[in-house]
Amino acid sequence: EIDFTAGKVSQKSKNNPTKVEEIKYILDATTTDATPEEVFIDGDGGTERMTIPLETSWLFSIDIVARSTSNSTNAWRYEGVIYNTNTGFVSFSPGGGDGIQETIFVGGVGGWDVALAADNTNDALTITVTGDPVFTVRWGIKVTILQVTE
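Predicted model only: the values in this text are computed from it and were never measured. (Residues numbered from 1 in each chain as written. Predicted model: local features only at pLDDT ≥ 70, side-chain atom pairs only at ≥ 80, totals over all residues. Heavy atoms only, no water.)

**Remarks on the nonpolar core**
- Judged by nonpolar contacts, the single largest core of 31 residues is most densely connected at Ile-62, Ile-127 and Trp-139.
- Looking at this core, the elements that each hand over two or more residues are strand 3 (20-31), strand 6 (56-68), strand 7 (73-84), strand 8 (90-92), strand 10 (113-119), strand 11 (124-130) and strand 12 (137-149).
- Here Ile-62 is in contact with Trp-76, Arg-77, Tyr-78, Leu-116, Leu-125, Ile-127, Ile-141, Lys-142 and Val-143, once residues within four sequence places are set aside. (Core = buried A, V, L, I, M, F, W, Y, C linked by side-chain atoms within 4.5 Å. Buried < 20%, exposed > 50% of the residue type's maximum accessible area, 1.4 Å probe, protein only. Helix = DSSP H or I, 4+ residues; strand = E, 2+ residues; numbered from the N terminus. Contact = heavy atoms within 4.5 Å.)

Here you go:
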């Protein structure tokens with residue numbers, strides 16, 4: 001079963017559709033200075049986060065490309081595991097540490113940054129981006145998640 005909604009595509013397991021699912025998000029953001037900004041599913045100024053259901057684990061891959069009005073580009077890939085317990089505790093990589101693997105494909109612009117967080121307040125995986133102090137930066141983000149729920 002494939003489900004299409006704004007900003008999200010999901011495909012569920014045929015044998016266990018309530019337990020195993022692949023989810024994809026296409027996100028975008030714009031920064032106009034070097035202030036960190038959280039990226040939301042519903043875009044700049046939004047509030048919708050990538051929420052992790054209770055008793056669920058995600059294996060995620062996040063590809064990010066950023067391009068400024070000065071024609072500069074940076075690109076990153078993050079891979080890791082995040083989970084939510086049955087009590088709403090969200091954490092990266094069971095067993096300690098964040099366990100996130102980062103690959104920098106192009107990183108020539110200093111100061112641009114990406115931060116991932118396990119958000120316990122909202123039971124979510126959050127992405128925060130920091131742009132350029134002078135130029136506008138457009139951020140394109142593809143998130144792929146393999147979800148297993150107890």
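**Thoughts on the environment of Asn-122**
- Mapped onto the elements, Asn-122 comes out in the loop between strand 10 and strand 11.
- Distance in space between the C-alpha atoms of Asn-122 and Val-65 is 26 Å, their sequence separation being 57 residues.
- Beyond its immediate chain neighbours, meaning those up to four positions away, Asn-122 contacts Arg-49 and Thr-51.

**What about the environment of Glu-102?**
- Tracing the sequence through the fold places Glu-102 in strand 9 (residues 101-107).
- Those residues in contact with Glu-102, other than ones at most four positions away along the chain, are Trp-76, Arg-77 and Tyr-78.
- In this structure the side chain of Glu-102 is engaged in a polar contact, spanning 2.7 Å, whose partner is the side chain of Tyr-78. (Polar contact = N/O pair within 3.5 Å; in protein donor to acceptor, adjacent residues only side chain to side chain.)

**Quick look at the pairing of strand 12**
- Of the two faces of strand 12, the one holding Val-137, Trp-139, Ile-141, Val-143, Ile-145, Gln-147 and Thr-149 is buried and the one holding Arg-138, Gly-140, Lys-142, Thr-144, Leu-146 and Val-148 is not buried anywhere.
- Pairing of strand 3 with strand 12 involves 12 bridges; the strand directions are antiparallel. Of the residues in strand 12, the one forming a bridge with Tyr-25 is Val-143.
- As judged from the 13 bridges shared by strand 6 and strand 12, these two strands associate in the antiparallel manner. In the sheet register, Leu-59 faces strand 12, and the bridge partner there is Leu-146. (Pairing = 2+ DSSP bridges.)

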